[in-house]
Amino acid sequence: MKHLKQTATAVALAASALLVSACSSGTTPDTAQNAADGKPIVNKENWPKKTPTSGLTKNLTLPLEAYMTSYEDQVTVEQAANDLQQSCMKDYGIDLTLPKAGANPPPSDNDANIERRYGITDRAQAEQYGYELPPALQEHTKQPLRDLSGVEVEVLTGHTKPELPKAPEGVKTGGAFSAPGKTKPARAEYNGKKLKTGGCTGWSKGRLGVKEAAPIVVAQLAGDSLVQSMKDDKVVKAIAAWSSCMDGKGHPGLADPYKAMDQGVTNDGKPTKESIALAVDDIDCKKQTDLVNIWFGVETAIQDEQIAGNKSLLTGIKEQRGKEVAAAREQMAASAR
């Protein structure tokens, strides 16, 4: 069960990690060009749909998704903050272009990762890519950020440029030794202007009312609901039926769909005939046993109970995020005028 919990939590939080790392915007131009190769920096056609439009999870939405931050909202706030930071830096006489948000979208719209929550579910994609993501989601658009000087870091962040600690005697730098860089409070002013608390980054968050509260709380609840659902008799029986079906198709020893994913993912990210065959059989067995609908139904009931027991907390998170997104949209609309 410990393994199941780790697997479930990883599935539930995978999209969250991707959302944090993949900056995007709901209001930036659709065709901002990458001067290096002519490809769009921000291509909304690659953004995940709010609700799946194909496969076994088509039109399925878990209750907790109502309290999760959508990809578009996440990146709208981030882009608005970037714009504010650039404007703030300019007030100090510093021209800084931050990377455009939206360049590297994740495969799922929010932390539920519903498309792969119960393993892969889209047969059309499986026929082409097996267990791998489509090529467009495997590409990474690079947006180089120039190296900032010490004073520029101070103006932007409110602290000095991190200084890497010296490695212990006999340990080569760049090897196994690593430690976080040390910083000090920034200087009081630059170019005759007082630096802002937290630098331009902290100032931008203040302008948008961003609080470092915890979208992770909702993701953790979703992880717990997935773990609980795996213990339910209906799900246990459905997974066993799926496993038996896979055995009959020549794929023995697969205890659950996550094992199939582990087995089917290739080292180089390129599908093989074997991985595609496994993926297609995986989805066909899910359809034959109705695994996804059974699992989804059980988890929906669990999440309804979670919401009832945490209503005040979840409502507060949703309201706070709504304020941040509204402020971000207002800011970007003002900037566009």
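Owing to the predicted nature of the structure, the values given are computational and were not obtained by experimental measurement.

**A closer look at the packing of helix H8 (residues 233–248) against helix H10 (residues 273–289)**
Direction vectors running N to C along H8 and H10 enclose 135°, while the axes themselves pass 9 Å from each other. Put simply, H8 runs oblique to H10. Every pair of crossing elements has a handedness; the one defined by H8 and H10 is right-handed. Contacts from Ala 238, Ala 241, Trp 242, Cys 245 and Met 246 in H8 reach Leu 278, Asp 281, Asp 282, Cys 285, Lys 286, Gln 288 and Thr 289 in H10. Among the residues making up the contact of H8 with H10, the classes are represented as seven nonpolar, two polar and three charged.

**Observations concerning the side chain of Glu 154**
Within the secondary structure, Glu 154 sits in helix H5 (residues 150–157). The exposure class assigned to Glu 154 is buried, which follows from its relative accessible area of 8%. Those residues within four positions of Glu 154 in sequence are excluded, and the remaining contacts are His 159, Thr 160, Ala 186, Arg 187, Leu 195 and Gly 199.

**Observations concerning the confidence of the model for the protein chain**
In low-pLDDT regions, the fine details of the predicted coordinates are not to be read closely. Chain-level pLDDT for the protein chain is 87 on average; 83% of the residues reach the 70-or-more range. Here residues 1–33 scores under 50 on pLDDT; set against residues more than four positions off or in separate chains, the count is 96 contacts.

**Here's the deal with the pattern of salt bridges**
Within the structure shown, the criterion is met by ten salt bridges. Here Asp 282 ties to Lys 286 by a salt bridge, and the two come within 2.6 Å at their closest N and O atoms. Note that Asp 282 and Lys 286 are positioned in helix H10 at a spacing of four residues, about one turn of the helix. On the basis of relative accessible area, Lys 286 is assigned to the buried category, the value being 1%.

**Considerations on the environment of Pro 48**
Within the fold, Pro 48 resides in the loop between helix H1 (2–21) and helix H2 (71–91). Accessibility expressed as a relative area gives 15% for Pro 48, which makes it buried. For the pair Pro 48 and Pro 107, spaced 59 residues apart in the sequence, the C-alpha separation amounts to 5.9 Å. Ignoring sequence-local partners within four residues, the contact set of Pro 48 consists of Tyr 71, Pro 105, Pro 106, Pro 107, Ser 108 and Asp 109.

Rules of the game
- Residues numbered from 1 in each chain as written.
- Predicted model: local features only at pLDDT ≥ 70, side-chain atom pairs only at ≥ 80, totals over all residues.
- Heavy atoms only, no water.
- Axes fitted to C-alpha atoms, helices over the stretch in contact; angles between N-to-C directions.
- Helix = DSSP H or I, 4+ residues; strand = E, 2+ residues; numbered from the N terminus.
- Parallel < 35°, antiparallel > 145°, perpendicular 65-115°, else oblique.
- Left-handed = near helix turned anticlockwise from the far one by under 90°.
- Contact = heavy atoms within 4.5 Å.
- Nonpolar A, V, L, I, M, F, W, Y, C, P; charged D, E, K, R; others polar.
- Buried < 20%, exposed > 50% of the residue type's maximum accessible area, 1.4 Å probe, protein only.
- pLDDT = per-residue confidence, 0-100.
- Salt bridge = Lys/Arg side-chain N within 4 Å of Asp/Glu carboxyl O.

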